[in-house]
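This is what each chain is made of:
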Amino acid sequence: MSVPSQLSSTETLSLLSLSLACFGIIANTFHGDGEPLIASLAFSGIAFAASFSMIRWLGPTFMKAGLKGKDMSKVHKKEIPETMGAVCAVVYLLLIIMFIPFPFYKDIVAATSGGGNRDVVLEIHVVETGRFLHRFPHSKLASYLSAILSLQSVSILGIGDDLFDIRWRHKFFIPAFASIPILIVYFVDFGVTQIVIPTPLQPYFGELFELGPLYYLYMAAIAIFCPNSINILAGINGIEVSQSLVIAFLLVLNDTLYLLAPYPHPATDSHLFSLYMLLPFIGVSLALWWHNWYPARVFVGDTYCYFAGMVFAVVGILGHFSKTLLLLFIPQIFNFIYSSPQLFRIVPCPRHRLPRFNARTGLLEPSVTEWQHPPKPTVATVLKGLHKLHLIRVTTNREGQIIESSNLTLLNLWLVWFGPRREDRLAAEIVALQVVCGLLGLFVRHRLALWIFRSDNLTV
Ligand code: UD1
Ligand code: MG
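As recorded by UniProt, the Pathway (unreviewed entry) comment attached to the chain reads in full: "Protein modification; protein glycosylation." As recorded by UniProt, the Subcellular location (unreviewed entry) comment attached to the chain reads in full: "Endoplasmic reticulum membrane".

Below you can see the structure in the form of C-alpha cells.
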C-alpha cells in the first residue's frame, strides 16, 4: 500500500468541519462557571483532526530524516514512516497546555475581580492581600503542570530512543526520573502512603498499613512499568495503539462512574483531572490508530509507547488510583513476567521478538530464539517442562539438546496455543483479550472488592 501524504477532499472537509465545530464549542464554554469537561471534549476533537492531518503530511518528511522502519510481517517488506507517536505527543502537549486556563476558569473569575464582582465593596483584608488569589487552587495547577513536565520528559526519551536505539538497560529507568515531578506533587498534595488491609487480615495487621517511602518506590515502579510494558507488547500492526486506546477508554469509564455517583464524591476532582488528561490522548491516539492498523501506513515508534504509558502512570498516580490502573494492565503484566527470562538474559534475547511471517502461507507463526550453546541443565529442564505445559515451544536435536525455543511474548504464546493466523486477526484477538481482562478488572475493583474490603470507594 502506498503512503499518500495528502488528505483526500472528503477527509479535508470532514476534519475541517470537526475542527470548526470544536472551536465553536470552546468559544461557547466561557459562560457562568465555564464548562471544562465540554471544552476538553472539543479539544480532543481538535487533537484528532490535527494529528490526523499532520501524520499524513509529515510522513515523507520523517522518511527523509531517516525515521522509517521495515514492516516485517509483509511479503514486500516496505519501509514506512516511524516515530509518528512524536506527532501525537507534540499535538497532545500543545493542546493540554492551551487547555490550562479552562479547568481554572471559575477560580480565575472568582479570585480576580473580573467576575462581575467589581461593585463589591472591598474589605480591608482584601485590600491588603490584593486579590483573592489565596483561594486559587494552586495545588490543582501544580498537579497539572507536573503532569505536563513528566510527559514532556518521557517524550524526549522516546524520541531519543527512536533516533538512537538506546540500549534497553540504559533507557529502562529513565521514566522513574521523569516521574519525580508528579511524585513531589503527590507528596505535597496527598501524602497518603498507607494501604488498606483486606478485612480478613485486619485482626493481624490493623486497618491500614503504612508503606512510607516504599510507597514512592512503588509509584516510581509504576512509572517504569507502564511505558516499558506497552513497548514490549508490540511488533504487529496496530497493537501498541489499540491496547492503549482500550486502557484509556476503560479509565474514562471508571472516571465516569465516579462523576455519575448520585452524591458529591470526594474523588470527583481527581477523576475530572484524569478525564482532562485522557480525552485528548484518545483524540491523538484514534488518529494514529487510523494509520497504524493493519495494513500499517505508519509505525508508532517508541515515543508513542513511552508517552502513552506515562499518560496512564500520571493519571493513576495523581488520581490516586494506581491499583485500579494495574487491573487494566493484566495482559501487559503477564507479558512482562513471561518475558522476564529473556529481559534478564537467562534465555537469549534477539533484537526482535515479533512473530515470524511465513511468506508462503501469509500467516504469522511463533518466532524463535536460537541457542548457540545448549542451555544449562536446570534451564533446559525448566524449558522442557514449560514445553510439556504448552507454555513455550522448544526444538531439540537428536541428542535431546535444546536448539531453539519460542520467544517469550504473549503474541508468540497466543500463536503457540491457537496456531498460525493473519496479522490483523492476531491483533484483534489480543485487543479483545485486553477488553475482557480490563472489564473483569474493573468489575473486581468495584464489586468483588467488597468481599475483602469493607467498602468500595464508589459506594461510600
Ligand atoms: C520491542 C521488543 C522487540 C520487538 C519490537 C517490535 C522487547 C524486549 N523488545 O523492541 O522484541 O520486536 O518491540 O516493535 O520485547 N515492526 C513491524 N511491525 C509492526 C511494528 C513494528 O515490523 O507492526 C518492526 C519495524 O521494523 C519497526 C520495528 O519493529 O521499525 C520497531 O521496533 P522498536 O520499537 O525499535 O523495538 P523495541 O521497542 O526496541
Ligand atoms: Mg518499540
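Structure shown, so let's carry the discussion forward.
> It is not clear to me how the overall build of the chain should be interpreted in this structure. Could you clarify?
Helix and strand content of the chain: 19 helices and nine strands. Structurally, the chain occupies a C-alpha span of about 95 × 70 × 35 Å along its principal axes. Burial status across the chain gives 50% buried among its 460 residues. Sequence separation of at least 24 residues holds for 73% of the intrachain contacts in the chain that already meet a minimum separation of 6. Roughly 22400 Å² of accessible area belongs to the chain as shown, and the carbon and sulfur atoms make up 68% of that amount. Each charge sign in the chain was given a centre, from 33 positive and 28 negative side chains, and these centres are 10 Å apart.

> What am I meant to see in the sheet that holds strand 7 (residues 368-370) here?
Backbone hydrogen bonds hold the strands of a sheet together, and the pairing may be parallel or antiparallel. A sheet is described by the order of its strands in space; here three strands give the open sequence 7-9-8, paired in antiparallel fashion. Edge positions in the sheet fall to strand 7 and strand 8 (394-396), since each has one partner strand and no second. Strand-to-strand twist across the sheet, computed as the mean angle between neighbouring axes with direction ignored, equals 20 degrees. Here strand 7 pairs with strand 9 (residues 402-406) via three bridges, running antiparallel. Within strand 9, the residue paired with Thr369 across the bridge is Ser405.

> What's the story with the site of ligand 1 in this structure? I'm lost.
In the vicinity of ligand 1 there are 19 residues, among which Lys70, Glu82, Asp302, His352 and Arg353 approach most closely. In this structure, Lys70 approaches ligand 1 through a main-chain N or O atom, which is 2.6 Å from an oxygen atom. A distance of 2.6 Å is found between an oxygen atom of ligand 1 and a side-chain nitrogen or oxygen belonging to Glu82. About the coverage of ligand 1: the protein hides 91% of its 720 Å² of free accessible area. Assessed atom by atom at 2 Å from the grid points, ligand 1 resides in the largest pocket. Within the residue set of the shell around ligand 1, elements represented by two or more residues are strand 1 (68-70) and helix 11 (213-232). Of the residues belonging to the shell around ligand 1, the class tally is seven nonpolar, five polar and seven charged.

> Mind showing me how you'd approach the coordination of the magnesium ion (ligand 2) here?
In a perfect tetrahedron of four donors around a metal, the angles come out at 109.5 degrees. In a perfect octahedron of six, they are 90 or 180 degrees. The coordination sphere of the magnesium ion (ligand 2) contains the protein donors Asn231 (OD1) and Asp302 (OD), at a distance range of 1.9 to 2.1 Å. With Asn231 in helix 11 and Asp302 in helix 14 (residues 301-318), this pair connects stretches of sequence that are 71 residues apart.

> Would you explain the pairing of strand 9 in this entry?
Both faces of the sheet carry side chains from a regular strand, because those side chains alternate between them. Where strand 8 meets strand 9, three bridges bridge the pair, whose relative direction is antiparallel. By the bridge assignment for strand 9, Thr395 is matched with Glu404. Linking two consecutive strands that pair antiparallel, namely strand 8 and strand 9, is a turn of five residues; a positive phi of about 85 degrees is found at Gly400 within it.

> In this structure, what is going on with helix 1 (residues 9-28)? I would like to understand it.
Within an α-helix, residues lying three or four positions from one another point in the same direction, as the helix has 3.6 residues per turn. Taking 1.5 Å per residue as the helical rise, helix 1 with its 20 residues ought to reach 28 Å, and the 29 Å between its terminal C-alpha atoms agrees with that figure. Contacts from the buried residues of helix 1 go to helix 2 (36-64).

> Which parts of the structure should I look at to understand the pattern of salt bridges?
Summed over the entire model, instances satisfying the criterion amount to 11 salt bridges. Between Glu79 and Lys68 there is a salt bridge, and its shortest N-O distance comes to 3.7 Å. Taken together, the positions of Glu79 in strand 2 (residues 79-81) and Lys68 in strand 1 put the pair 11 residues apart, joining distant regions of the chain. Look at Glu79 and you get partly exposed, because its relative accessible area is 36%. Across the pair Asp165 and Arg351 runs a salt bridge whose closest N-O atoms are separated by 3.2 Å. Remark: Arg351 occurs in the loop between helix 16 (330-343) and strand 5 (356-358) and Asp165 occurs in the loop between helix 6 (138-164) and helix 7 (168-171); sequence separation between them is 186 residues. Shared partners join several salt bridges into a network, and the residues in it are Asp71, Lys74 and Glu423.

> What exactly am I supposed to notice about the nonpolar core here?
Soluble globular proteins tend to pack their nonpolar side chains together in the buried interior. Grouped together as the largest cluster of nonpolar side chains are 102 residues, with contacts concentrated most on Tyr92, Leu151, Leu251, Met277, Phe281, Leu288 and Phe312. At 13 residues, the largest contribution of residues to this core is made by helix 14. In this view, Phe281 contacts Tyr92, Ser244, Ala248, Tyr304, Phe307, Ala308, Val311 and Phe312; residues no more than four positions away in its chain are not counted. If you look at the next biggest cluster of nonpolar residues, it comprises 11 residues, including Val347, Trp371, Leu383 and Leu408.

> So what exactly am I meant to see when it comes to the environment of Gly362 here?
If you trace the backbone, Gly362 turns up in the loop between strand 5 and strand 6 (363-365). A relative accessible area of 30% means that Gly362 is categorised as partly exposed. Each C-alpha atom of the pair Gly362 and Val75 lies 7.6 Å from the other, and the pair is 287 residues apart in sequence.

> Quick question: what am I supposed to make of the packing of helix 12 (residues 239-259) against helix 14 here?
Angle between the axes and distance between the axes are the two parameters that describe a pair of packed helices. Where helix 12 meets helix 14, the axes come as close as 10 Å, and the angle between the chain directions of the two elements is 15 degrees. With respect to their mutual orientation, helix 12 and helix 14 come out roughly parallel. Considering the relative orientation of helix 12 and helix 14, their crossing is left-handed. Side by side, helix 12 and helix 14 meet where Glu240, Val241, Ser244, Ile247, Ala248 and Leu251 of the first sit next to Tyr304, Cys305, Ala308, Phe312 and Val315 of the second.

> Explain the layout of surface pockets here, please?
Unoccupied space between atoms shows up once a probe the size of one water molecule is rolled over them. If you add up the space inside the largest pocket, you get close to 1300 Å³. At the level of secondary structure, the elements contributing two or more residues to the lining of the largest pocket comprise strand 1, helix 6, helix 7, helix 11, helix 14 and helix 16. Of the residues belonging to the lining of the largest pocket, the class tally is 16 nonpolar, 13 polar and 17 charged.

Criteria and cut-off values
Residues numbered from 1 in each chain as written. Chains lettered and ligands numbered in written order. Predicted model: local features only at pLDDT ≥ 70, side-chain atom pairs only at ≥ 80, totals over all residues. Heavy atoms only, no water. UniProt positions renumbered as here; feature names shortened; annotations may be inferred. Helix = DSSP H or I, 4+ residues; strand = E, 2+ residues; numbered from the N terminus. Buried < 20%, exposed > 50% of the residue type's maximum accessible area, 1.4 Å probe, protein only. Contact = heavy atoms within 4.5 Å. Areas by Shrake-Rupley, 256 points an atom, 1.4 Å probe, with all protein chains shown as cover. Lys, Arg positive; Asp, Glu negative; His and termini not counted. Charge placed at Lys NZ, Arg CZ, Asp CG, Glu CD. Pairing = 2+ DSSP bridges. Axes fitted to C-alpha atoms, helices over the stretch in contact; angles between N-to-C directions. Near = heavy atom within 4 Å. Polar contact = N/O pair within 3.5 Å; in protein donor to acceptor, adjacent residues only side chain to side chain. 1 Å grid on protein atoms, 1.4 Å probe; cavity = no way out; pocket = protein on both sides within 12 Å on 5 of 7 lines; lining within 4 Å. Sits in = over half its atoms within 2 Å of the grid points. Nonpolar A, V, L, I, M, F, W, Y, C, P; charged D, E, K, R; others polar. Donors = N, O, S within 2.8 Å, 3.2 Å for Na, K, Ca; no water. Expected span 1.5 Å × (residues − 1). Salt bridge = Lys/Arg side-chain N within 4 Å of Asp/Glu carboxyl O. Core = buried A, V, L, I, M, F, W, Y, C linked by side-chain atoms within 4.5 Å. Parallel < 35°, antiparallel > 145°, perpendicular 65-115°, else oblique. Left-handed = near helix turned anticlockwise from the far one by under 90°. Points joined across faces, edges and corners; volume = space filled by probe spheres on them.

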